[in-house]
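Chain by chain, the residues run as shown.
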Amino acid sequence: MALLEVNNLNVRFPTEDGVVHAVRDVSFSVDRGEVLGIVGESGSGKSVTNLAIMGLLARSTRIDGSIMYDGSELVGLPRSQQTKFRGNEIGMIFQDPMTSLNPVYTVGWQIAEAYRAHNKVSKQQGIARAVELLDLVGIPQAVKRVHSYPHEFSGGMRQRVMIAMSMANNPQVLIADEPTTALDVTVQAQILETLMEIKERTNIAIVLITHDLGVVAGMADRVMVMYAGAAVEIAPVDEIYYRPKMPYTIGLLGAIPSEASDGKKLRQIRGTTPSLINMKPGCPFSPRCPLVQDRCLTQTPTLEAVDNPAHLAACHRRAEIESIDVRALFAPEVVA
Ligand SMILES: Nc1ncnc2c1ncn2[C@@H]1O[C@H](COP(=O)(O)OP(=O)(O)O)[C@@H](O)[C@H]1O
Ligand code: SF4
Ligand SMILES: [Mg+2]
(Lines give C-alpha, C1' and ligand atoms only; values in the text may rest on other atoms or scores of the structure.)
(Ligands and ions follow the chains in the order given, each with its own letter.)
Protein backbone atom coordinates (compact mmCIF):
# COMPACT_ATOMS: atom_id res chain seq x y z
CA MET A 1 0.00 0.00 0.00
CA ALA A 2 1.24 3.49 -0.89
CA LEU A 3 1.97 6.04 1.84
CA LEU A 4 -0.95 8.27 0.80
CA GLU A 5 -3.89 6.74 -1.05
CA VAL A 6 -6.90 8.74 -2.16
CA ASN A 7 -9.83 6.72 -3.48
CA ASN A 8 -13.02 8.00 -5.11
CA LEU A 9 -12.76 11.34 -3.36
CA ASN A 10 -15.78 13.61 -3.83
CA VAL A 11 -16.02 17.10 -2.35
CA ARG A 12 -19.28 19.06 -2.48
CA PHE A 13 -19.90 22.59 -1.23
CA PRO A 14 -23.52 23.49 -0.51
CA THR A 15 -24.04 27.10 -1.70
CA GLU A 16 -27.02 29.40 -2.28
CA ASP A 17 -26.86 28.67 -6.01
CA GLY A 18 -26.72 24.91 -5.57
CA VAL A 19 -24.19 22.23 -4.72
CA VAL A 20 -20.71 22.88 -6.14
CA HIS A 21 -19.21 19.48 -6.94
CA ALA A 22 -15.58 20.64 -6.77
CA VAL A 23 -13.82 17.26 -6.67
CA ARG A 24 -15.38 14.40 -8.62
CA ASP A 25 -14.35 10.85 -7.93
CA VAL A 26 -10.62 11.47 -7.77
CA SER A 27 -8.23 8.59 -6.99
CA PHE A 28 -4.45 8.72 -6.77
CA SER A 29 -1.58 7.61 -4.60
CA VAL A 30 1.90 8.79 -3.75
CA ASP A 31 4.68 6.81 -2.15
CA ARG A 32 7.79 7.62 -0.14
CA GLY A 33 10.45 9.31 -2.23
CA GLU A 34 7.97 9.98 -5.02
CA VAL A 35 6.82 13.30 -6.49
CA LEU A 36 3.28 13.44 -7.86
CA GLY A 37 2.47 16.52 -9.93
CA ILE A 38 -1.16 17.69 -9.99
CA VAL A 39 -1.81 19.97 -12.94
CA GLY A 40 -4.84 21.82 -14.25
CA GLU A 41 -6.24 25.27 -14.97
CA SER A 42 -7.43 27.48 -12.16
CA GLY A 43 -10.65 26.12 -10.66
CA SER A 44 -10.02 22.48 -11.57
CA GLY A 45 -10.15 21.28 -7.95
CA LYS A 46 -6.44 20.96 -7.15
CA SER A 47 -6.46 22.99 -3.94
CA VAL A 48 -9.76 21.57 -2.70
CA THR A 49 -8.40 18.01 -3.16
CA ASN A 50 -5.46 18.83 -0.96
CA LEU A 51 -7.40 20.85 1.59
CA ALA A 52 -9.52 17.71 1.99
CA ILE A 53 -6.37 15.69 2.68
CA MET A 54 -5.22 18.30 5.20
CA GLY A 55 -8.63 18.40 6.90
CA LEU A 56 -8.84 22.14 6.29
CA LEU A 57 -12.29 22.39 4.66
CA ALA A 58 -15.27 23.91 6.48
CA ARG A 59 -17.52 21.54 8.41
CA SER A 60 -20.42 22.15 6.03
CA THR A 61 -18.38 20.61 3.19
CA ARG A 62 -19.46 17.11 2.12
CA ILE A 63 -16.48 14.82 1.74
CA ASP A 64 -16.99 11.26 0.49
CA GLY A 65 -14.52 8.57 -0.43
CA SER A 66 -11.33 7.53 1.25
CA ILE A 67 -8.03 9.19 2.14
CA MET A 68 -5.65 6.64 3.64
CA TYR A 69 -2.42 7.88 5.20
CA ASP A 70 -0.02 5.07 6.11
CA GLY A 71 -2.94 2.76 6.78
CA SER A 72 -5.13 5.28 8.67
CA GLU A 73 -8.40 6.60 7.25
CA LEU A 74 -8.55 10.41 7.40
CA VAL A 75 -12.08 10.90 6.04
CA GLY A 76 -14.55 11.24 8.89
CA LEU A 77 -11.82 11.57 11.51
CA PRO A 78 -12.78 13.92 14.38
CA ARG A 79 -11.09 17.33 14.13
CA SER A 80 -9.11 16.69 17.31
CA GLN A 81 -7.47 13.65 15.71
CA GLN A 82 -6.84 15.35 12.38
CA THR A 83 -4.23 17.62 13.94
CA LYS A 84 -2.13 14.53 14.63
CA PHE A 85 -1.62 14.29 10.87
CA ARG A 86 -1.86 17.92 9.77
CA GLY A 87 1.43 19.76 10.09
CA ASN A 88 2.98 16.68 11.60
CA GLU A 89 2.81 13.64 9.30
CA ILE A 90 1.61 15.75 6.37
CA GLY A 91 3.12 19.19 5.79
CA MET A 92 1.79 21.82 3.43
CA ILE A 93 3.13 24.95 1.76
CA PHE A 94 0.97 27.51 0.01
CA GLN A 95 1.34 29.90 -2.88
CA ASP A 96 1.71 33.13 -0.98
CA PRO A 97 4.29 32.96 1.82
CA MET A 98 3.52 36.50 3.00
CA THR A 99 -0.04 35.71 4.03
CA SER A 100 1.05 32.57 5.89
CA LEU A 101 3.89 34.20 7.83
CA ASN A 102 3.09 36.51 10.71
CA PRO A 103 4.85 39.86 10.19
CA VAL A 104 5.20 40.63 13.91
CA TYR A 105 7.25 37.56 14.86
CA THR A 106 10.75 36.52 13.78
CA VAL A 107 10.91 33.61 11.34
CA GLY A 108 12.82 31.58 13.92
CA TRP A 109 10.09 32.05 16.50
CA GLN A 110 7.43 30.97 14.00
CA ILE A 111 9.32 27.85 12.95
CA ALA A 112 10.07 27.04 16.59
CA GLU A 113 6.36 27.32 17.44
CA ALA A 114 5.44 24.96 14.57
CA TYR A 115 7.92 22.49 16.06
CA ARG A 116 6.83 23.06 19.66
CA ALA A 117 3.15 22.53 18.72
CA HIS A 118 3.93 18.82 18.35
CA ASN A 119 7.00 18.41 20.60
CA LYS A 120 7.55 19.12 24.28
CA VAL A 121 10.77 21.13 24.04
CA SER A 122 12.10 24.43 25.38
CA LYS A 123 12.11 27.69 23.43
CA GLN A 124 15.87 27.36 22.96
CA GLN A 125 15.51 23.86 21.57
CA GLY A 126 12.81 25.21 19.25
CA ILE A 127 15.15 27.92 17.94
CA ALA A 128 17.95 25.37 17.52
CA ARG A 129 15.56 23.27 15.42
CA ALA A 130 14.67 26.41 13.40
CA VAL A 131 18.36 27.02 12.61
CA GLU A 132 18.71 23.41 11.47
CA LEU A 133 15.66 23.78 9.22
CA LEU A 134 16.73 27.12 7.72
CA ASP A 135 20.00 25.42 6.91
CA LEU A 136 18.15 22.48 5.32
CA VAL A 137 16.31 24.83 2.92
CA GLY A 138 19.50 26.63 1.96
CA ILE A 139 19.22 29.93 3.84
CA PRO A 140 22.77 31.24 4.35
CA GLN A 141 23.90 32.26 7.85
CA ALA A 142 20.95 30.51 9.43
CA VAL A 143 22.22 31.22 12.96
CA LYS A 144 21.85 34.94 12.28
CA ARG A 145 18.83 34.92 9.96
CA VAL A 146 16.75 32.96 12.46
CA HIS A 147 16.22 36.28 14.29
CA SER A 148 15.01 38.18 11.19
CA TYR A 149 11.43 39.23 10.48
CA PRO A 150 9.56 38.08 7.34
CA HIS A 151 9.81 41.51 5.66
CA GLU A 152 13.60 41.28 5.85
CA PHE A 153 13.50 38.35 3.40
CA SER A 154 12.97 38.34 -0.36
CA GLY A 155 9.95 36.47 -1.79
CA GLY A 156 12.05 33.43 -2.61
CA MET A 157 13.65 33.39 0.85
CA ARG A 158 10.23 33.68 2.49
CA GLN A 159 9.07 30.66 0.51
CA ARG A 160 12.13 28.79 1.82
CA VAL A 161 11.11 29.78 5.34
CA MET A 162 7.67 28.32 4.65
CA ILE A 163 9.24 25.09 3.44
CA ALA A 164 11.40 25.04 6.59
CA MET A 165 8.31 25.52 8.75
CA SER A 166 6.40 22.75 6.96
CA MET A 167 9.37 20.42 7.58
CA ALA A 168 9.56 21.21 11.31
CA ASN A 169 8.09 17.88 12.43
CA ASN A 170 9.68 15.67 9.77
CA PRO A 171 6.50 15.06 7.78
CA GLN A 172 6.36 12.01 5.54
CA VAL A 173 4.31 13.84 2.91
CA LEU A 174 4.70 17.43 1.74
CA ILE A 175 1.90 19.06 -0.22
CA ALA A 176 3.13 22.11 -2.13
CA ASP A 177 0.22 24.11 -3.59
CA GLU A 178 1.55 26.38 -6.36
CA PRO A 179 4.71 27.05 -4.31
CA THR A 180 6.40 29.05 -7.05
CA THR A 181 3.51 30.78 -8.81
CA ALA A 182 4.16 34.17 -7.20
CA LEU A 183 7.90 34.05 -7.88
CA ASP A 184 10.01 34.99 -10.88
CA VAL A 185 11.50 32.25 -13.03
CA THR A 186 15.00 32.15 -11.54
CA VAL A 187 13.73 32.02 -7.96
CA GLN A 188 11.12 29.46 -9.06
CA ALA A 189 13.89 27.15 -10.24
CA GLN A 190 15.79 27.57 -6.97
CA ILE A 191 12.75 26.70 -4.88
CA LEU A 192 12.04 23.60 -6.97
CA GLU A 193 15.67 22.59 -6.60
CA THR A 194 15.39 23.03 -2.84
CA LEU A 195 12.33 20.77 -2.77
CA MET A 196 14.22 18.13 -4.76
CA GLU A 197 17.19 18.31 -2.38
CA ILE A 198 14.89 17.83 0.60
CA LYS A 199 13.33 14.85 -1.12
CA GLU A 200 16.73 13.30 -1.76
CA ARG A 201 17.79 13.84 1.85
CA THR A 202 14.59 12.80 3.62
CA ASN A 203 12.85 10.44 1.14
CA ILE A 204 9.67 12.44 1.70
CA ALA A 205 6.67 12.06 -0.65
CA ILE A 206 5.80 15.30 -2.43
CA VAL A 207 2.51 16.36 -4.01
CA LEU A 208 3.35 19.32 -6.24
CA ILE A 209 0.32 21.31 -7.38
CA THR A 210 0.64 23.74 -10.28
CA HIS A 211 -1.34 25.21 -13.16
CA ASP A 212 1.86 25.09 -15.22
CA LEU A 213 2.73 21.75 -16.82
CA GLY A 214 6.24 23.17 -17.41
CA VAL A 215 6.92 23.27 -13.66
CA VAL A 216 6.44 19.54 -13.09
CA ALA A 217 8.68 18.51 -16.02
CA GLY A 218 11.94 18.20 -14.12
CA MET A 219 10.32 17.42 -10.78
CA ALA A 220 7.54 14.88 -10.89
CA ASP A 221 7.72 11.12 -11.27
CA ARG A 222 4.06 10.92 -12.20
CA VAL A 223 1.52 13.55 -13.19
CA MET A 224 -2.23 13.76 -12.65
CA VAL A 225 -4.07 16.20 -14.90
CA MET A 226 -7.33 17.57 -13.49
CA TYR A 227 -10.20 19.16 -15.38
CA ALA A 228 -13.45 20.44 -13.85
CA GLY A 229 -12.87 18.57 -10.59
CA ALA A 230 -11.95 15.22 -12.14
CA ALA A 231 -8.70 13.45 -12.97
CA VAL A 232 -8.60 13.20 -16.78
CA GLU A 233 -5.13 11.74 -17.26
CA ILE A 234 -2.57 10.16 -14.96
CA ALA A 235 0.75 8.75 -16.10
CA PRO A 236 4.53 8.74 -15.59
CA VAL A 237 5.88 12.19 -16.41
CA ASP A 238 7.56 11.21 -19.69
CA GLU A 239 4.34 9.59 -20.92
CA ILE A 240 2.47 12.81 -20.20
CA TYR A 241 4.99 14.86 -22.16
CA TYR A 242 5.72 12.58 -25.09
CA ARG A 243 2.61 10.39 -25.40
CA PRO A 244 -0.34 12.34 -23.96
CA LYS A 245 -3.67 10.58 -24.54
CA MET A 246 -6.18 13.24 -23.57
CA PRO A 247 -6.89 16.32 -25.72
CA TYR A 248 -6.93 18.59 -22.66
CA THR A 249 -3.39 17.53 -21.71
CA ILE A 250 -2.29 18.12 -25.29
CA GLY A 251 -3.88 21.57 -25.15
CA LEU A 252 -1.98 22.39 -21.95
CA LEU A 253 1.27 21.14 -23.49
CA GLY A 254 0.67 23.26 -26.57
CA ALA A 255 0.69 26.39 -24.44
CA ILE A 256 4.18 25.88 -23.01
CA PRO A 257 7.44 26.33 -24.87
CA SER A 258 9.29 23.05 -24.28
CA GLU A 259 11.68 20.55 -25.74
CA ALA A 260 8.78 18.50 -27.07
CA SER A 261 7.24 21.51 -28.82
CA ASP A 262 10.56 22.83 -30.09
CA GLY A 263 10.05 25.10 -33.07
CA LYS A 264 6.29 24.52 -33.17
CA LYS A 265 3.75 27.33 -32.76
CA LEU A 266 2.37 27.79 -29.27
CA ARG A 267 -1.30 26.89 -28.95
CA GLN A 268 -4.13 27.84 -26.64
CA ILE A 269 -7.29 26.20 -25.38
CA ARG A 270 -10.12 28.62 -26.13
CA GLY A 271 -13.18 28.88 -23.90
CA THR A 272 -13.70 28.41 -20.19
CA THR A 273 -14.21 25.58 -17.73
CA PRO A 274 -17.80 24.40 -17.11
CA SER A 275 -19.88 25.21 -14.04
CA LEU A 276 -19.52 22.64 -11.28
CA ILE A 277 -23.19 23.00 -10.27
CA ASN A 278 -25.60 20.47 -11.87
CA MET A 279 -22.99 19.13 -14.27
CA LYS A 280 -24.43 17.64 -17.44
CA PRO A 281 -23.58 14.09 -18.53
CA GLY A 282 -20.95 13.73 -21.23
CA CYS A 283 -17.30 14.73 -21.35
CA PRO A 284 -16.78 18.00 -19.42
CA PHE A 285 -14.11 19.04 -21.93
CA SER A 286 -16.41 18.57 -24.95
CA PRO A 287 -17.27 22.30 -25.48
CA ARG A 288 -13.55 23.03 -25.95
CA CYS A 289 -12.32 19.81 -27.51
CA PRO A 290 -11.16 19.73 -31.15
CA LEU A 291 -11.85 15.96 -31.31
CA VAL A 292 -15.41 16.08 -29.96
CA GLN A 293 -17.89 13.53 -31.38
CA ASP A 294 -21.59 12.90 -30.72
CA ARG A 295 -20.95 10.26 -28.04
CA CYS A 296 -18.83 12.77 -26.09
CA LEU A 297 -21.95 14.86 -25.46
CA THR A 298 -23.89 12.06 -23.77
CA GLN A 299 -21.41 9.52 -22.38
CA THR A 300 -18.98 10.56 -19.66
CA PRO A 301 -15.58 8.99 -20.33
CA THR A 302 -13.94 7.23 -17.38
CA LEU A 303 -10.22 6.86 -16.66
CA GLU A 304 -8.98 3.78 -18.52
CA ALA A 305 -5.53 2.42 -19.29
CA VAL A 306 -4.09 3.10 -22.75
CA ASP A 307 -1.16 0.98 -24.01
CA ASN A 308 0.43 0.95 -20.56
CA PRO A 309 -1.27 -0.06 -17.27
CA ALA A 310 0.29 2.99 -15.55
CA HIS A 311 -1.12 5.41 -18.12
CA LEU A 312 -4.81 6.26 -17.65
CA ALA A 313 -6.86 8.71 -19.70
CA ALA A 314 -10.52 9.75 -19.64
CA CYS A 315 -11.28 10.16 -23.33
CA HIS A 316 -13.43 8.12 -25.71
CA ARG A 317 -10.78 8.59 -28.40
CA ARG A 318 -7.72 7.77 -26.29
CA ALA A 319 -6.76 4.75 -28.41
CA GLU A 320 -6.60 6.67 -31.70
CA ILE A 321 -5.14 9.91 -30.36
CA GLU A 322 -1.55 9.06 -31.17
CA SER A 323 -2.34 8.94 -34.88
CA ILE A 324 -3.88 12.44 -34.88
CA ASP A 325 -1.97 15.75 -34.71
CA VAL A 326 -4.24 17.06 -31.95
CA ARG A 327 -1.91 19.91 -31.06
CA ALA A 328 -2.35 21.48 -34.49
CA LEU A 329 -6.14 21.49 -33.99
CA PHE A 330 -5.93 23.98 -31.10
CA ALA A 331 -5.93 27.66 -32.01
CA PRO A 332 -2.51 29.29 -32.52
CA GLU A 333 -1.56 31.62 -29.68
CA VAL A 334 -2.04 35.24 -30.65
CA VAL A 335 1.30 37.00 -30.30
CA ALA A 336 0.92 40.60 -29.22
N1 LIG B 1 -15.72 27.06 -0.10
C2 LIG B 1 -16.14 26.92 -1.35
N3 LIG B 1 -17.45 27.05 -1.64
C4 LIG B 1 -17.90 26.89 -2.92
N5 LIG B 1 -17.10 26.60 -3.96
C6 LIG B 1 -15.79 26.48 -3.73
C7 LIG B 1 -15.23 26.63 -2.42
N8 LIG B 1 -13.89 26.45 -2.50
C9 LIG B 1 -13.63 26.19 -3.80
N10 LIG B 1 -14.75 26.20 -4.53
C11 LIG B 1 -14.87 25.95 -5.97
O12 LIG B 1 -14.29 24.69 -6.25
C13 LIG B 1 -13.64 24.69 -7.49
C14 LIG B 1 -12.24 24.19 -7.36
O15 LIG B 1 -11.45 25.14 -6.66
P16 LIG B 1 -9.90 24.94 -6.38
O17 LIG B 1 -9.65 23.59 -5.86
O18 LIG B 1 -9.49 26.08 -5.52
O19 LIG B 1 -9.25 25.08 -7.82
P20 LIG B 1 -7.71 25.11 -8.22
O21 LIG B 1 -6.89 24.98 -6.98
O22 LIG B 1 -7.54 23.97 -9.16
O23 LIG B 1 -7.51 26.42 -8.90
C24 LIG B 1 -13.73 26.11 -8.02
O25 LIG B 1 -14.80 26.18 -8.93
C26 LIG B 1 -14.03 26.93 -6.80
O27 LIG B 1 -14.79 28.06 -7.12
S1 SF4 C 1 -14.14 12.30 -24.73
FE2 SF4 C 1 -14.56 13.41 -26.61
S3 SF4 C 1 -14.82 15.56 -25.97
FE4 SF4 C 1 -13.84 14.46 -24.29
S5 SF4 C 1 -11.69 14.78 -24.58
FE6 SF4 C 1 -12.17 12.85 -25.60
S7 SF4 C 1 -12.64 13.40 -27.71
FE8 SF4 C 1 -12.68 15.28 -26.52
MG1 LIG D 1 -5.49 26.32 -6.18
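Thresholds, definitions, all that
Residues numbered from 1 in each chain as written. Chains lettered and ligands numbered in written order. Predicted model: local features only at pLDDT ≥ 70, side-chain atom pairs only at ≥ 80, totals over all residues. Pairing = 2+ DSSP bridges. Helix = DSSP H or I, 4+ residues; strand = E, 2+ residues; numbered from the N terminus. Contact = placed C-beta atoms within 7 Å. Axes fitted to C-alpha atoms, helices over the stretch in contact; angles between N-to-C directions. Domains from an automatic or database assignment. Buried ≥ 20, exposed ≤ 12 C-beta atoms within 10 Å, placed from the backbone. Near = placed C-beta within 6 Å. Core = buried A, V, L, I, M, F, W, Y, C linked by C-beta atoms within 7 Å.

Caption draft 1: Inspection of the sheet that holds strand 2 (residues 18-30) at higher detail. Spatially, the four strands line up as an open sheet ordered 2-1-4-5, and their pairing is antiparallel. Bordering the open sheet on either side are strand 2 and strand 5 (72-73), each of which pairs with just one other strand. In this sheet, strand 2 lies alongside strand 1 (residues 4-15) in antiparallel orientation, the contact comprising nine bridges. Residue pairing across strands places Pro-14 opposite Val-19, the latter belonging to strand 2. Set on the sheet, helix 1 (residues 46-54) makes contact with strand 1, strand 2 and strand 4 (62-69); between it and strand 2 the angle comes to about 70 degrees.

Caption draft 2: Inspection of the domain arrangement of the protein at higher detail. Each domain of the protein was delimited in the assignment, giving domain 1 (98-170) and domain 2 (244-332). The gap between the C-alpha centroids of domain 1 and domain 2 is 43 Å.

Caption draft 3: Spatial organisation of unusual backbone geometry. Positioned with a positive phi, Asp-70 is a non-glycine residue whose angle comes to about 45 degrees. Inspection of the secondary structure puts Asp-70 in the loop between strand 4 and strand 5. Residue classification places Asp-70 among the partly exposed residues on the basis of 15 C-beta atoms within 10 Å. Positive phi values are uncommon outside glycine, yet Gln-141 reaches one of about 55 degrees. Along the chain, Gln-141 turns up in the loop between helix 5 (123-136) and helix 6 (142-145).

Caption draft 4: The site of ligand 1, seen in detail. In the region of ligand 1, 13 residues are neighbours, and Phe-13, Ala-22, Lys-46, Ser-47 and Val-48 sit closest. Residue assignment for the shell around ligand 1 shows that the elements contributing at least two residues are strand 1, strand 2 and helix 1. Counting residues per element, the shell around ligand 1 draws most heavily on helix 1, which supplies three residues.

Caption draft 5: Local environment of the nonpolar core. By size, the foremost hydrophobic cluster in this structure holds 97 residues, and its most contacted members are Ile-111, Val-173, Val-207 and Val-232. If you tally residues by element for this core, the top one is helix 7 (residues 155-166), at six residues. Residues from two domains meet in this core; each of domain 1 (98-170) and domain 2 (244-332) gives at least three.

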